[in-house]
Amino acid sequence: MKHGTSSKNLFTLAKKFIPSGVNSPVRAFRAVGGNPLFIRRGKGAFIWDEEGRCYLDFCASWGPLIFGHAPEGLVNILRRELANGTSFGASTRKEVELAQKIYSFFPSMEKVRLVSSGTEAVMSAVRLARGFTGRKKILKIDGGYHGHVDSLLVKAGSGGATFGIPDSAGIPEELARLTLSIPFNDFRALERVFKKEGRQIAAFILEPIPANMGVILPQKDYLELARQMTKRYGALLIFDEVITGFRVSKGGAQEYFKVKPDLTCLGKILGGGLPIAAFGGRREIMDQLAPAGPVYQAGTLSGNPLAVTAALWMLDRLQASGSRLQAPDHKMHTSSSGPCSVLGTLNSRSEIFFNKLRHFICENEMPVQLNSVASMFTLFFTPDSVTDYVAAKKSNTKRFAKFFHNCLEYGIYLAPSQFEANFISTVHNDSHLERALSVLKKGFIQ
Ligand SMILES: *Cc1c(COP(=O)(O)O)cnc(C)c1O
C-alpha cells in the first residue's frame, strides 16, 4: 500500500482484515459518524493523516503525550537504547531506577510492579486486592472505566459509554455479580453500599477524577469519604490514576486532593506513548505478589527496556524546572508542582484557555458544560451541570458529533466521542490555543 492512500480506502480494506477495521473500538468513529482518520505521523502539537492533512491534536493518543508528538529528546534516547536490544526477560538497572522514581512522585506507592498496559495494571491490582483481603466483591462507580478487565466492564464508561453497552458479552454473570457499582459523587449511596456489603468488599476502585465518561470533578469530601468507608470496613481503596497520574499534578489526583489510596494504577503519561503501566502501593500488600507471595502476576515484556527508558525520560522532564519563558531566577524553579514547574505552567496556560471558552459559552447562553481540571477537559452538550454518569448521558451526542466534525474540518482533532477527555500538552503554545479557541467557537454553530 502506498503513502497517500485515502483514509477512506484504508478503512474499507482494514474492515476486511481487522474487526470493525480498528484495534480499539472508539477509533472507529462510531460515536461521531464518518470515516476515521489514518494517521501517518505526528510532531509537536500536530498530526498528519495519510493524505497529508494537518490537525492540531487534542486527543494526544488519549492522554499519554503530555510533551506532544515525537519530542526530540525522547526520540534520541530511544534510538540510542534501541541499539542495546529490545527485550531481555531479565532484570535491568533502569527498572530499579524507575521504581524508585515512581515512589518519589507517588509516596503511597512504596512498592511497584511494571506491566504493559493500563488494563493489565488494573487487572493485577484487583486480583491483588482480592488475594490480600480474602474477599470477592469489587466496588466501582457507574461510568468508571478501568480498561477491558472482565470484573470491571460493568457499567463502564469510555467505549462502553459511547456504545451504550455497559456489559460486554463474554463476561459470566456470576463474575459480574461480584462487581457492585454506585453513582459517582453520591455520598449516601457510598455509605449505604458499605453498610450493606462492606465486609465482603475487597476494594473500591475509582478514577479519582473520572475522565472516561468525560471529565467529572469529585465534589468536596467525596474522596475523603471513600477513604473513610474503605478503612472502616477493611476494604482497599484503589485509585486508577492511569489518566490523572502525572497530569493533574506530579503526584496525580492523590496529591491534588491529598487522599492516600492503598493501591494506585498508572499508565498513559508514564510511557509517553510507549506501552508501559504500573501498579503499586503499601508494602505489605505488594509483598503478597509472587514469587514471595501467593498472588500470581507476571509478564514477558514487563519492564521492557525501551518503555522503561521512555518512562524515565518522561518523569525527568516532568521534574525538570518548567517554562523557559520565565525569568531566569533558578530559585523559583526548584518546586516541581509550583507555578514555574512544567505542570504549573501547563495548567495555568490551560486555565486561561478554559476561562475564555467558558466565558464564550456563558455569554452566548449555550446549553453546553465545560468540565475541566488542570490540562484536561470535556464539552458536554447539555444545559445541566454534569456531576455523574446519568447527567453525562443526558448530553446531546448528535450535537457533539456535528461539533466534532466542524472542528475537524477546521483542522482541530478532538477525542472522537462525547464521553472522553481532551488534553492540552506543553507543546500547545498560546497561538495554538488561540487558534483552537476560534475554531471551537465556530464549531458550535450548527
Ligand atoms: C486508558 C485507561 C485504562 C486502560 O489502559 P489501557 O492502556 O488502555 O489498557 C484504565 N484506566 C483508566 C482510567 C484509563 O483511562
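Since the model is a prediction, treat every value here as computed from it, not as a measurement.

1. Quick word on the domain arrangement of the protein
Parsing the protein into structural domains produces domain 1 (7-70 + 324-445) and domain 2 (72-319). If you average the C-alpha positions of domain 1 and of domain 2, the two centres end up 24 Å apart. On the domain 2 side, the residues contacting the 39 residues of domain 1 number 40 residues. Here domain 1 meets domain 2 over a buried area of about 3,100 Å², counting both sides, of which 65% is carbon and sulfur. When residues of domain 1 are sorted by the area they lose upon contact with domain 2, F67, M376 and Y389 head the list and together hold 21% of the total.

2. Some words on the packing of helix α7 (residues 187-197) against helix α8 (residues 222-233)
Running from N to C, α7 and α8 point in directions that differ by 5°, and their axes come no closer than 10 Å. Compared by their axis directions, α7 and α8 come out roughly parallel. Residues F187, L190, E191, F194 and K195 of α7 form the contact with α8, whose own contacting residues are Y222, L225, A226, M229, T230 and Y233. Residues that form the contact of α7 with α8 fall into these classes: eight nonpolar, one polar and two charged.

3. Some words on the pairing of strand β1 (residues 39-43)
Looking at chain direction, β1 and strand β2 (residues 46-49) are connected through four bridges and run antiparallel. By the bridge assignment for β2, G42 is matched with I47. If you look at the hairpin formed by β1 and β2, you'll find two residues sitting between the two strands, and G44 has a positive phi there, around 60°.

4. Here's the deal with the pattern of salt bridges
Taken as a whole and judged by the stated rule, the model has 16 salt bridges. Among the salt bridges present, the one from E51 reaches R53, with a minimum N-O distance of 3.5 Å. Judged by relative accessible area, E51 falls into the partly exposed class, the value being 36%. Of the charged contacts, one joins E284 and R282 as a salt bridge, the two residues approaching to 2.7 Å between their closest N and O atoms. We classify E284 as partly exposed; its relative accessible area is 39%. Through salt bridges with shared partners, a single network forms among R227, D262, R282 and E284.

5. Notes on the site of the ligand
Surveying the vicinity of the ligand reveals the residues S117, G118, T119, Y145, H146, G147, E207, N212, D240, V242, I243 and K268. N212 places a polar side-chain atom, nitrogen or oxygen, 3.0 Å from an oxygen atom of the ligand. Residue D240 places a side-chain N or O atom 2.6 Å away from a nitrogen atom belonging to the ligand. Considering the ligand on its own, with 380 Å² of exposed area, one finds that the protein chains cover 82% of that surface. When the residues that make up the shell around the ligand are grouped by side-chain class, the tally is three nonpolar, six polar and three charged.

6. Let's talk about the sheet that holds strand β13 (residues 412-413)
Taking strand neighbours across the sheet as the criterion, the four strands line up as β1-β2-β3-β13 in an open arrangement whose pairing is mixed. Each edge of the open sheet is held by one strand with a lone partner, namely β1 and β13.

7. Structural notes on the confidence of the model for the protein
Put simply, the protein has an average pLDDT of 93, and 94% of its residues get 70 or more. Confidence, read as mean pLDDT per element, is least for helix α5 (residues 159-163) in the protein (57) and greatest for strand β9 (residues 263-266) (99). Per-residue pLDDT stays below 50 along residues 323-335; that stretch engages in 10 contacts with residues further than four places along the chain or on separate chains.

8. Considerations on the sheet that holds strand β7 (residues 201-206)
The strands making up a sheet are joined through hydrogen bonds of the backbone, oriented either antiparallel or parallel. Ordered in space as β4-β10-β9-β8-β7-β5-β6, the seven strands form an open sheet in which the pairing is mixed. Edge positions in the open sheet fall to β4 (111-115) and β6 (179-182), since each of these has one partner strand only. Adjacent strand axes in the sheet meet at a mean angle of 20°, parallel and antiparallel pairs treated alike. Relative to strand β10 (residues 277-281), β9 runs antiparallel, the two sharing four bridges. By the bridge assignment, T264 is partnered in β10 with G280. With respect to the sheet, helix α3 (residues 93-105) is in contact with β4, β9 and β10, its orientation differing from that of β4 by roughly 125°.

About the cut-offs
- Residues numbered from 1 in each chain as written.
- Predicted model: local features only at pLDDT ≥ 70, side-chain atom pairs only at ≥ 80, totals over all residues.
- Heavy atoms only, no water.
- Domains from an automatic or database assignment.
- Contact = heavy atoms within 4.5 Å.
- Buried area = accessible area lost by both parts, 1.4 Å probe.
- Axes fitted to C-alpha atoms, helices over the stretch in contact; angles between N-to-C directions.
- Helix = DSSP H or I, 4+ residues; strand = E, 2+ residues; numbered from the N terminus.
- Parallel < 35°, antiparallel > 145°, perpendicular 65-115°, else oblique.
- Nonpolar A, V, L, I, M, F, W, Y, C, P; charged D, E, K, R; others polar.
- Pairing = 2+ DSSP bridges.
- Salt bridge = Lys/Arg side-chain N within 4 Å of Asp/Glu carboxyl O.
- Buried < 20%, exposed > 50% of the residue type's maximum accessible area, 1.4 Å probe, protein only.
- Near = heavy atom within 4 Å.
- Polar contact = N/O pair within 3.5 Å; in protein donor to acceptor, adjacent residues only side chain to side chain.
- Areas by Shrake-Rupley, 256 points an atom, 1.4 Å probe, with all protein chains shown as cover.
- pLDDT = per-residue confidence, 0-100.

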